[in-house]
Amino acid sequence: MLTVSGLACARGGVPILENLSFRLSAGAALVLRGPNGIGKTTLLRTVTGLQPPLAGQVDLAPDAVAYAGHADGIKAMLTVTENLRFWAGVFGTKDLAPALAAFDLERLTDRFAGTLSAGQKRRLGLARLAVSGRPLWVLDEPTVSLDAESTALFAKAVQRHCAQGGAALMATHIDLGFEAESLDLAPYRARLPEPGADDFDEAFL
Amino acid sequence: MIGVLRRDLALAMRAGGGFGLGLSFFLIVVVLVPFAIGPDTSILGRIAPGILWLGALLACLLSLDRILALDWEDGSLDLLATAPIPLEGVVLMKAAAHWLTTGLPLVLAAPVLGVLLNLPVPGYGWLTLSLALGTPALSAIGAFGAALTVGLKRGGLLLSLLVLPLYVPSLIFGAEIARRGAEGLAIGAALPLLAGISLASLAIMPFAAAAAIRVNLR
Amino acid sequence: MKSIWEFANPKRFMQLSQVSLPWVAGLSVLCLVVGLVWGFFFTPDDFRQGATVKIIYLHVPAALMAINAWIMMLVTSLIWLIRRHHVSVLAARAAAPVGATFTVIALATGAIWGQPMWGTWWVWDPRLTSFLFLFLFYLGYIALWEAIEDPDTAADLTSVLCLVGSVFALLSRYAVLFWNQGLHQGATLSLDKEENISNVFYFPLLVSIAGFVLLFLALVLLRTRTEIRARRLRALMARERLA
């Protein structure tokens with residue numbers, strides 16, 4: 001479903017990852033590991049297409065990615081249903097019920113999103129993935145502010161998504177409690193070219 | 001894409017959406033003018049078309065950063081950029097929502113405020129028409145300015161500096177139509193020129209704005 | 001045959017500009033001194049305008065370069081957007097304050113000239129107004145560069161602004177023509193020989209224009225070198241942080 005080959009990406013103009021290659025096939029989940037600042041977010045944004053790669057290629061079908069970043073994209077002054085219905089409209093899907101059920105939001109449907117707790121907001125943000133109908137979920141620290149129960153709910157949702165032929169690529173520190181490959185990014189840290197004494201060729205790297 | 005428009009309108013209408021702020025600002029500017037100029041109705045009548053246009057333009061400017069800043073802060077812009085609808089369309093819809101919540105009320109309020117400034121009778125129709133034709137350009141150009149400054153912490157002032165020079169042609173033609181209308185002169189080429197600027201802005205600005213948003217999202 | 005894009009290599013640009021900069025700067029000083037001294041002291045007074053006419057030796061070249069600087073920024077911004085050569089966009093950044101300064105010189109000398117001629121320092125004449133807009137566009141462009149932290153983001157956004165701004169600057173130019181017909185005299189220089197000012201004024205003016213062009217070139221080269229060094233420094237510091 002997703003093939004990354006020879007990828008190099010930069011953050012703020014400085015290369016941080018290079019020679020990164022991996023494959024993700026339908027039905028699988030891949031967890032990115034590595035210390036803070038290694039470039040997990042940068043990699044996810046590059047895969048999503050928000051950021052152009054420095055080098056290498058990201059091969060995936062067009063319109064395959066649903067991205068969930070640090071911010072949930074939730075409007076405080078809209079209700080839970082309105083928030084979800086907006087995103088369903090954007091992605092051209094109709095049915096909200098399965099997504100609401102999967103993230104245990106059914107009792108909250110008419111609440112304004114601004115009155116939700118942090119964990120509930122997060123669940124709403126993740127429910128957006130379910131209404132997107134996209135096969136590849138790209139998740140950046142999805143379990144932040146989720147309690148143990150909600151985390152289990154999330155893990156089950158990812159498993160179900162994979163079982164239905166989807167795939168998930170995520171950056172997370174915690175163990176989700178199901179079979180997932182993991183990829184350590186540390187070996188791919190970009191090595192900067194040796195600075196020549198008076199070499200302006202790499203002036204801007 | 002209609003969904004984007006509908007959501008922005010709903011957000012503007014609900015509490016904290018800032019709907020009506022631009023209108024109140026317009027009112028205050030117009031009320032302040034006689035205090036600065038003096039209550040002489042013949043002078044006020046002469047400068048009314050220009051003041052009303054300038055007031056509408058400033059009121060429009062005031063709310064520009066809301067077009068994109070809120071969606072930037074809560075991450076919606078990231079998600080919209082990866083959505084199947086083109087970013088250009090999103091920008092166009094957001095500009096349209098801005099016009100419906102800011103531009104259109106200004107157009108409707110301008111004749112009422114014209115009374116306060118003793119606008120000559122033949123001017124009302126032309127003033128309303130020129131604002132109706134000109135304000136869409138202000139929203140479209142403003143969306144581009146908002147896209148340029150969306151990543152900045154305090155971009156409001158910079159936004160004004162960038163956008164105001166771009167408003168000059170619309171202001172010149174719009175105020176000219178209103179002035180000539182008020183003085184009973186022939187309108188001439190200003191009307192099609194103003195409409196042309198608006199149409200061209202609506203056609204081109206979404207592309208420039210979408211390009212700027214993509215750069216800012218990197 | 002070497003490609004013209006060779007010069008877009010920062011290293012090559014630094015080498016070349018290092019050699020050429022003193023020559024360009026020296027030549028510009030020479031042309032300016034010759035042009036201005038010749039113009040100020042060795043040309044007759046105009047029969048109508050008197051000695052005030054001599055300000056054209058500053059006014060016309062400054063106005064000319066104010067516009068040309070923007071055109072140069074437009075071209076280099078386009079080159080950056082299409083071919084992603086850093087030197088190109090840094091040259092645009094370097095040219096902006098120079099262009100803005102020339103615009104101010106043109107406006108100020110114009111006002112000084114206008115006072116005895118028209119009896120007022122400022123009129124809302126189309127040409128004067130257009131130059132004021134040009135100055136505002138320069139200000140916006142410079143302010144956007146200053147506001148954005150990431151250099152590549154800033155380069156992209158200012159380039160887009162430069163493109164859009166150019167369209168609107170042109171539009172404003174015609175809008176103000178429509179708005180007010182104006183007092184400013186017609187072009188001082190044109191290819192149509194009949195229209196031209198007489199040779200006595202013409203040659204020192206040409207020398208002075210050459211001086212301004214060279215001055216602009218020298219300043220842009222110098223400032224581009226500074227910008228490249230600043231980028232280099234930034235890169236080295238980022239590298240330091242990573243290591």
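Residues numbered from 1 in each chain as written. Chains lettered and ligands numbered in written order. Predicted model: local features only at pLDDT ≥ 70, side-chain atom pairs only at ≥ 80, totals over all residues. Heavy atoms only, no water.

Caption draft 1: Inspection of the interface of chain B and chain C at higher detail. With 26 residues of chain B at the interface, the matching set in chain C holds 25 residues. Summed over both partners, the interface of chain B with chain C buries about 2100 Å², with 85% contributed by carbon and sulfur atoms. If you look at where chain B meets chain C, you find one salt bridge. Its salt-bridge partner being Arg218(B), residue Asp156(C) comes within 2.7 Å of it at the nearest N-O pair. Listing elements by their share of the side of chain B that touches chain C, those giving two or more residues are helix H7 (123–149), helix H8 (156–183) and helix H9 (190–217) of chain B. The dominant element in the side of chain B that touches chain C, judged by the number of residues it contributes, is H8(B), at 11 residues. Of the residues in the side of chain B that touches chain C, the class split is 21 nonpolar, two polar and three charged. (Contact = heavy atoms within 4.5 Å. Buried area = accessible area lost by both parts, 1.4 Å probe. Salt bridge = Lys/Arg side-chain N within 4 Å of Asp/Glu carboxyl O. Helix = DSSP H or I, 4+ residues; strand = E, 2+ residues; numbered from the N terminus. Nonpolar A, V, L, I, M, F, W, Y, C, P; charged D, E, K, R; others polar.)

Caption draft 2: Region of interest: a nonpolar patch on the surface. Residue and element names in this part refer to chain C. Where nonpolar side chains cluster on the molecular surface, the patch consists of Leu27, Val29, Leu30, Val33, Val34, Val37, Trp38, Phe40, Phe41, Phe42, Phe203 and Leu206 and spans about 1100 Å² of accessible area. Of all the secondary structure elements, the ones that give two or more residues to the nonpolar patch are helix H1 (10–41) and helix H6 (199–242). Per element, the largest residue contribution to the nonpolar patch is nine residues, and it comes from H1. Note that Phe40 resides in helix H1. (Patch = residues over 30% accessible without salt bridge, like charges linked within 9 Å, V, L, I, M, F, W, Y side chains within 5 Å. Areas by Shrake-Rupley, 256 points an atom, 1.4 Å probe, with all protein chains shown as cover.)

Caption draft 3: Fine view of the sheet that holds strand E3 (residues 29–33) of chain A. Residues and elements named next belong to chain A. Ordered in space as E5-E6-E7-E3-E8, the five strands form an open sheet in which the pairing is parallel. Single-partner strands in this sheet number two, and they are strand E5 (65–68) and strand E8 (181–184). The average angle at which neighbouring strand axes cross in this sheet is 15 degrees, direction not considered. Alignment of E5 against strand E6 (residues 136–140), held across four bridges, turns out to be parallel. In the sheet register, Val65 faces E6, and the bridge partner there is Leu136. Seen against the sheet, helix H1 (residues 40–48) touches E3, E5, E6 and strand E7 (167–171) and runs at an angle of roughly 155 degrees to E6. Here helix H4 (residues 118–132) sits on the sheet and contacts E5 and E6; the angle it forms with E5, its principal contact strand, is near 175 degrees. (Pairing = 2+ DSSP bridges. Axes fitted to C-alpha atoms, helices over the stretch in contact; angles between N-to-C directions.)

Caption draft 4: Representation of the environment of Arg232(C) in the model. Its place among the elements puts Arg232(C) in helix H6. Through-space distance from the C-alpha of Arg232(C) to that of Pro10(C) is 9.9 Å; in sequence the pair is 222 residues apart.

Caption draft 5: A look at the side chain of Thr101(B). Residues and elements named next belong to chain B. Looking at where Thr101 falls in the secondary structure, it is placed in helix H6 (residues 87–116). Side-chain polar atoms of Thr101 contact the backbone oxygen of Ala97, separated by 2.9 Å. At 3.3 Å, the side chain of Thr101 and the backbone oxygen of His98 are in polar contact. If we skip the residues at most four places from it in the chain, Thr101 touches Leu9, Ala12 and Phe19. (Polar contact = N/O pair within 3.5 Å; in protein donor to acceptor, adjacent residues only side chain to side chain.)

Caption draft 6: A look at the pattern of salt bridges. As enumerated under the stated definition, the model contains 19 salt bridges over all chains in all. The partner of Asp8(B) in a salt bridge is Lys94(B), with the nearest N and O atoms 2.7 Å apart. Taken together, the positions of Asp8(B) in helix H1 (residues 2–13) and Lys94(B) in helix H6 put the pair 86 residues apart, joining distant regions of the chain. Of the two residues, Asp8(B) and Lys94(B), neither departs from the other in class, the shared state being buried. A salt bridge links Glu146(C) to Arg93(C); its shortest N-O distance comes to 3.4 Å. With Glu146(C) in helix H4 (residues 126–147) and Arg93(C) in helix H3 (residues 86–118), the pair connects residues that are 53 residues apart, well separated along the chain. With a relative accessible area of 55%, Glu146(C) lands in the exposed category. Since its relative accessible area comes to 21%, Arg93(C) is described here as partly exposed. Each of the salt bridges in this network shares a partner with another, and the network as a whole consists of Lys75(A), Arg7(B), Asp8(B), Asp71(B), Asp74(B) and Lys94(B). (Buried < 20%, exposed > 50% of the residue type's maximum accessible area, 1.4 Å probe, protein only.)

Caption draft 7: Representation of the packing of H6(B) against H7(B) in the model. All names here are of chain B. Interhelical geometry of H6 versus H7 gives an angle of 150 degrees and a closest axis separation of 8 Å. In terms of their interaxial angle, H6 and H7 are classed as roughly antiparallel. Judged by the twist between their axes, the crossing of H6 over H7 is right-handed. Residue-level inspection shows Val91, Ala95, His98, Trp99, Gly103, Leu106, Val107, Ala110, Pro111, Gly114 and Val115 of H6 in contact with H7, the latter providing Tyr124, Leu127, Thr128, Leu131, Ala132, Thr135, Pro136, Ser139, Ala140 and Ala143. Of the residues in the contact of H6 with H7, the class split is 15 nonpolar, six polar and no charged. (Parallel < 35°, antiparallel > 145°, perpendicular 65-115°, else oblique. Left-handed = near helix turned anticlockwise from the far one by under 90°.)

Caption draft 8: Layout of the interface of chain B and chain A. Contact residues are listed per partner, giving 23 residues for chain B and 24 residues for chain A. Summed over both partners, the interface of chain B with chain A buries about 2000 Å², with 65% contributed by carbon and sulfur atoms. When the area that chain B buries against chain A is broken down by residue, the three leading residues are Arg14(B), Leu79(B) and Thr82(B), summing to 32%. Seen at the junction of chain B and chain A, the total is three salt bridges. The closest approach of N and O atoms between Asp71(B) and Lys75(A), which form a salt bridge, is 2.5 Å.

Caption draft 9: Broad picture of the packing of aromatic side chains. Counted by the stated rule, this structure contains 10 aromatic pairs over all chains. Measuring from centroid to centroid gives 5.6 Å for Phe102(C) and Phe212(C), while their planes differ by 50 degrees, and the two rings are tilted. With Phe102(C) in helix H3 and Phe212(C) in helix H6, this residue pair connects regions lying 110 residues apart in the sequence. When sorted by exposure, Phe102(C) lands in the same class as Phe212(C), which is buried. Considering the side-chain rings of Trp122(C) and Trp124(C), the 5.7 Å spacing of their centres and the 85 degrees angle between planes classify their relative orientation as edge-to-face. By relative accessible area, which is 46% here, Trp124(C) ends up partly exposed. An aromatic cluster of three or more residues is present, and its members are Trp70(C), Phe137(C), Tyr138(C) and Tyr141(C). When the ring centre of Trp87(A) is taken as reference, the NZ or CZ atom of Arg128(A) above it lies at 5.6 Å. (Phe/Tyr/Trp six-rings, centres within 6.5 Å; stacked < 30°, edge-to-face > 60°. Lys NZ or Arg CZ within 6 Å of the ring centre and 35° of its normal.)

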